[in-house]
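Chains, contacts and geometry: an overview
Each chain, written out:
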Amino acid sequence: MGLSKCGSVLVHRGEQRKDGRITKGLGLVSVPFGRNLCQGWFFCGDSGPYYDSQHALRWPAPCGGAKLDRPGSAAARERLGHGFWCPGPASATMSHQTPLGSSVPHASCLDLWREKNDQLVRQAKVAQDSRLSLRRQQLAQDALEGFRGLLHSLRGLPAAVPVLPLELTITCNFITLRASLAQGFTEDQAQDIQQGLERVLETQEQLGPRLECGLRGLWDSVLHYSSLLLELLPALHHLAGLQAALWLSTDCLGDLTFLLQTLNGNQNEASRNLLRLLKTWSPPAEETNAPLTLQDARGLRNVLLTASAFRQGLQELITGSLPRALSSLREAASGLCPRPVLVQVYTALGTCLRKMGNPQRALLYLVAALKGGSTWGPPLLEASRLYQQLGNTAAELESLELLVEALNVTHSSEAPQLLIEVELLLPRLHPASPLHCGTQSQAKYLLASRCLQVGRAEDAAEHYLDLLALVLDGLESKFSPPPSPAGPCIPEVFLEAAAALIQAGRAQDALTVCEELLSRTSSLLPKMPQLWEDARKGTKESPHCPSWVSATYLLQGQAWVQLGAQKEAISEFSRCLELLFRATPKDKERGNQDASFHLLQTLRRMDRRDEATALWWRLEAQTKLPQENAAWSLPLYLETYLGWIRFPDRETLLEEFQTSLPEPCDL
């Protein structure tokens, strides 16, 4: 009796010739399975099957060996009908053909594989219920490796229709657990899905040409084939749910739409609405005796429906399609929402209703969001926007103060379920998203700037100093104020802090802040001539450094004014003007009119007639421009500064220059 190894299958052969072929007798197939050995018999006549060195099942022929037809094919079924059967998974479902006096195995391979799958599913659920994180991680990782080994054993054997439901179920459990532990889908999961589809097509000898069509072509072929084999449908719909989750998480919405249309049998339907297609999709119910799963197809469908509704609602909210966004977000709120996701959905609903002019209903959703979990950042930020819109400054600032505190608290996040959850299918929040609340320092900046804008100078000064302490200590080296892409940068935060300190009557502290800013830009002083030239020509995208330095001198001058040091104030104002006129582009014809007229008055008082004349001609030209193009918004620190100044009568000031300034004078 010979013995050969075929993958994980040991084939005990009957009598053999020198060439290794079985001539007669009985062959015994032994499949190692843990500590067990699953065995099955087949009759070995002169034409009995065997595995060659490439693990291909072959059928002896008079002039040598010829490969046996694939399991499940018509020729293979015909030979099996003559009393021959193939070692491997197919044999696990057939009654054992044993000679008289032979012992019959108590369990088939299929039973053992299924028992192992169910054991691993139970182990994963025990891991989920464990409160010890290390034990939970170890149990889940062990279960994952168990699924991997079981899948490897099955894929080492020829694919067979009777075993495919179990094999596909194990594939789904493996993908679900793997994606859950990794908290996302990767290319590995796509390959696992593709291998599962290829195994189905192997049974029909259709694999070769279909591989060129990609996953969409594979799904089209498999689902068409499975319509003839109803026993495969539950497992295939389960696998399709995982494919849908992968495509949704990677924004392959065209492929996802095609898959859902195919599953629903309506590829010719004009509708491409994902929510409608997901609602139409009805995965077949699993049989009561089906192998255990971590998450069935219907559970996946519910997760997909919630995630799709939320993603669609957020996109519609960003693009301004508010009625549609409201409908989609309500759909998401009514679905299978974990608490962290529900907080985001309620916050988005509050944003949508606020923009639609319904602040009271918006507030109800924000209150529900705050009660719904420990993630308070997004609803608090949205509440501050709502109160600002309502003109309730006290409530707005209180919301921002709570936001700063909330972002300073580290919450212990709940351990994720060992399932495909809604969070895995949502995109990362963009800084422009209404749900992005930023870091604690960014929230502190919002609070400080709003205090400065509404005239709470003392509070603004303290908040700015707290923020600058974080920056100077290096704790916020990558600080960038939220959430507007056009928000200020670090030098402008210094300038706003100085303006707040001056407004709060703390001139000496303002001088300290300005000196700190100048010391941090001192390395750029040797490059100033080039920066001036770049600024004048407009050849650089961000020629802001000369403007920052000139604004620093301006605020220092105002601080000296507050301290009663007129000589020092005039010196700082002069340095500001010198740098400002060096850096002003020659072709600059637009500007903030308040700032321009104040500058004209200052130049006149300091008897700097050349600069005043050039500025007057620019203002004359500016008054002839359309009003909407005649101004640009000022940074907050300059708006604050201009708030301290009484503006002259503009028409009178221009008339005084009109008779005495016949020609423009270039700077």
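In what follows, the accompanying structure is described. (Residues numbered from 1 in each chain as written. Predicted model: local features only at pLDDT ≥ 70, side-chain atom pairs only at ≥ 80, totals over all residues. Heavy atoms only, no water.)

Some details on the overall build of the protein chain
Rule in force here: A helix here means a DSSP run of H or I that spans at least four residues, while a strand means a run of E at least two residues long, and both kinds are numbered starting from the N terminus. Whether a residue is buried, partly exposed or exposed follows from its accessible area with a 1.4 Å probe, protein chains only, as a fraction of its type maximum: under 20%, in between, or over 50%, in that order. Contacts between residues were defined by any pair of non-hydrogen atoms, one from each residue, lying within 4.5 Å. We get accessible surface area from the Shrake-Rupley algorithm with a probe of 1.4 Å; when it comes to residues, only the shown protein chains can shield them.
A count of helices and strands for the protein chain gives 27 helices and nine strands. Relative to its 667 residues, the protein chain shows a buried fraction of 48%. Long-range contacts, defined here as pairs at least 24 residues apart, represent 61% of the contacts in the protein chain between residues at least 6 apart. Here the protein chain displays about 32800 Å² of accessible surface, and carbon together with sulfur accounts for 50% of that area.

Some details on the nonpolar core
We apply this condition: Buried residues of nine kinds, namely Ala, Val, Leu, Ile, Met, Phe, Trp, Tyr and Cys, make up a nonpolar core once their side-chain atoms join them within 4.5 Å.
Residues Leu-197, Trp-219, Phe-310, Ile-420 and Leu-425 are the most contacted members of the largest nonpolar core, which totals 66 residues. If you tally residues by element for this core, the top one is helix 8 (residues 233-249), at ten residues. Once residues lying within four places of it in the same chain are set aside, the contact partners of Phe-310 are Leu-329, Ala-332, Val-341, Gln-344, Val-345, Ala-348, Leu-426 and Leu-435.

Here we look at the pattern of salt bridges
Put simply, the test is: Salt bridge, as used here: a side-chain nitrogen of Lys or Arg that lies within 4 Å of a carboxyl oxygen of Asp or Glu.
On inspection of all chains with the given rule, the structure shows 17 salt bridges. Notably, a salt bridge pairs Arg-311 with Asp-251, separated by 2.1 Å at the nearest N-O pair. Placement of Arg-311 in helix 11 (residues 297-319) and of Asp-251 in the loop between helix 8 and helix 9 (253-264) is noted, with a sequence separation of 60 residues between them. Several salt bridges share partner residues, and in doing so they unite Glu-167, Arg-199 and Glu-202 into one network.

Overview of helix 15 (residues 377-390)
Put simply, the rule is: Each helix should span, by expectation, one fewer than its residue count multiplied by 1.5 Å.
An ideal rise of 1.5 Å per residue puts 20 Å on 14 residues; helix 15 measures up with 20 Å between its terminal C-alpha atoms. In terms of burial, helix 15 is a largely internal element, ten of the 14 residues being buried. Looking at helix 15, one finds that the buried residues are Gly-377, Pro-378, Pro-379, Leu-380, Leu-381, Glu-382, Ala-383, Ser-384, Leu-386 and Tyr-387. Looking at the residues trailing helix 15, positive phi occurs at Gly-391, about 80 degrees.

Considerations on the packing of aromatic side chains
Condition: Aromatic pairs are defined between Phe, Tyr and Trp rings, using the six-membered ring for Trp, whenever the two ring centres lie within 6.5 Å; interplanar angles under 30 degrees are classed as stacked, those over 60 as edge-to-face, and all others as tilted. Only when the NZ of Lys or the CZ of Arg is both within 6 Å of the ring centre and within 35 degrees of the ring normal is a charge said to sit over the ring.
The tally for this structure, following the rule as stated, stands at three aromatic pairs. Plain terms: the ring middles of Tyr-346 and Tyr-365 are 5.7 Å apart, the flat faces sit at 45 degrees to each other, and that makes the pair tilted. Taken together, the residues span a long stretch of sequence, with Tyr-346 in helix 13 (residues 339-355) and Tyr-365 in helix 14 (residues 359-372) at a distance of 19 residues. Summarising the aromatic geometry, the rings of Tyr-641 and Trp-644 are spaced 5.5 Å apart at their centres and angled 65 degrees between planes, so their arrangement reads as edge-to-face. Note on Trp-644: relative accessible area 28%, which makes it partly exposed. Against the face of Phe-258 rests Arg-216, its NZ or CZ located 4.2 Å from the ring centre.

Quick word on the side chain of Glu-421
Inclusion rule: His is not counted, nor are the chain ends; Lys and Arg add positive charge and Asp and Glu add negative charge.
By the element assignment, Glu-421 lies in the loop between helix 16 (393-408) and helix 17 (440-453). At 7.4 Å, Arg-136 is the nearest oppositely charged side chain to Glu-421, a buried residue that forms no salt bridge. Residue contacts for Glu-421: discarding those within four places in its chain leaves Val-303, Pro-338 and Pro-416.

Brief notes about a negative patch on the surface
In plain terms, the rule: Two distance rules govern patches: like charges are joined within 9 Å, and nonpolar side chains (Val, Leu, Ile, Met, Phe, Trp, Tyr) within 5 Å, applied only to residues with over 30% relative accessible area and no salt bridge. To locate a charge, take atom NZ for lysine, CZ for arginine, CG for aspartate or CD for glutamate.
Together, Glu-398, Glu-401, Glu-405, Glu-458 and Asp-459 give the surface a local cluster of negative charge. Counting only elements with at least two residues in the negative patch, the list comes to helix 16 and helix 18 (457-472). When residues in the negative patch are grouped by element, the largest group, three residues, is from helix 16. Structurally, Glu-401 is set in helix 16.

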